[in-house]
Amino acid sequence: MSATLHMVRCDDVVPQPWRNGGGRTRELLAWPSAVNWQCRISVAEVERDGPFSIFPGVDRWFAVAEGAGVLLLLPDGECRLDRSSAAVNFPGEAAPRCQLLDGPTSDLNLMGTRATGRSWMERAVPGEPWIGPATLRALFSADSVTLQRSGAAALTLAPFTLIWMGEPDGDSWSIDAAVDRPRTWWMSFTISAPA
């Protein structure tokens, strides 16, 4: 296979404290560059209640990876999330208020610039294949899982690891895990075709 897999562990990324003091963020991926990113994946360590930052022109996906969960106060209503919940999608302009349910959480964030492409996040289910020719494909797991890719050796990921590929491919990806419902998510960003 010519496409290259990249791996990033949360423990290897220095957390950046928020200006409001409410938490820290570990930026795992800013693609294609940190300055002019179109897709960004990060893990936020939320330590107290507060509003999200505003990101105009950005679509956001959010999932709880660790902790009891959060209550997001979105413009169209409340959204309660815990480690078993599906990821929630909302516009970066919404900037919801986040309330912790019972102590700090670690939360997975996927952001994609609306003008350049489409972002997507979904819970990964062991044994169910994911096939897609997205421009960028990624897998994040808060549990230890094994990634199976068609034509490649199995790869075991330690907890809180991101693996990604920045080249389109149509390979089948799937996971195996020792637990029934691993805290694992597929993510993708697909560049829009020119108008």
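Anything mentioned here points back to the structure above.
An account of the accompanying structure is given in this report.

Topologically, Val43 is positioned in strand β4 (residues 39-46). When its relative accessible area of 2% is taken as the criterion, Val43 is described as buried. Sequence separation of Val43 and Leu110 is 67 residues, and the distance between their C-alpha atoms is 9.0 Å. Ignoring anything within four residues of it in the chain, the contact list for Val43 reads Cys10, Arg24, Thr25, Arg26, Leu28, Ser106, Asp107, Leu108 and Phe140.

Glancing now at the pairing of strand β17 (residues 161-165). Of all five residues that make up β17, five are buried, and the element is covered over most of its length. The side-chain alternation of β17 yields two buried faces, one formed by Thr161, Ile163 and Met165 and the other by Leu162 and Trp164. Where strand β1 (residues 6-9) lies against β17, four bridges are found, and the strand directions are antiparallel. Residue pairing for β17: Met7 is matched across the bridge by Ile163.

What follows concerns the sheet that holds strand β5 (residues 50-51). One open sheet holds the four strands; their spatial order is β5-β10-β7-β8, and the pairing between them is antiparallel. At either margin of the open sheet sits one strand with a lone partner, and together these are β5 and β8 (77-81). Inspection of the sheet shows strand β7 (residues 70-74) paired to strand β10 (residues 97-100) by four bridges, in the antiparallel sense. Bridge pairing in β10 places Val70 opposite Leu100.

About the cut-offs
- Residues numbered from 1 in each chain as written.
- Predicted model: local features only at pLDDT ≥ 70, side-chain atom pairs only at ≥ 80, totals over all residues.
- Heavy atoms only, no water.
- Helix = DSSP H or I, 4+ residues; strand = E, 2+ residues; numbered from the N terminus.
- Buried < 20%, exposed > 50% of the residue type's maximum accessible area, 1.4 Å probe, protein only.
- Contact = heavy atoms within 4.5 Å.
- Pairing = 2+ DSSP bridges.

So yeah, pure geometry; function would need other evidence.
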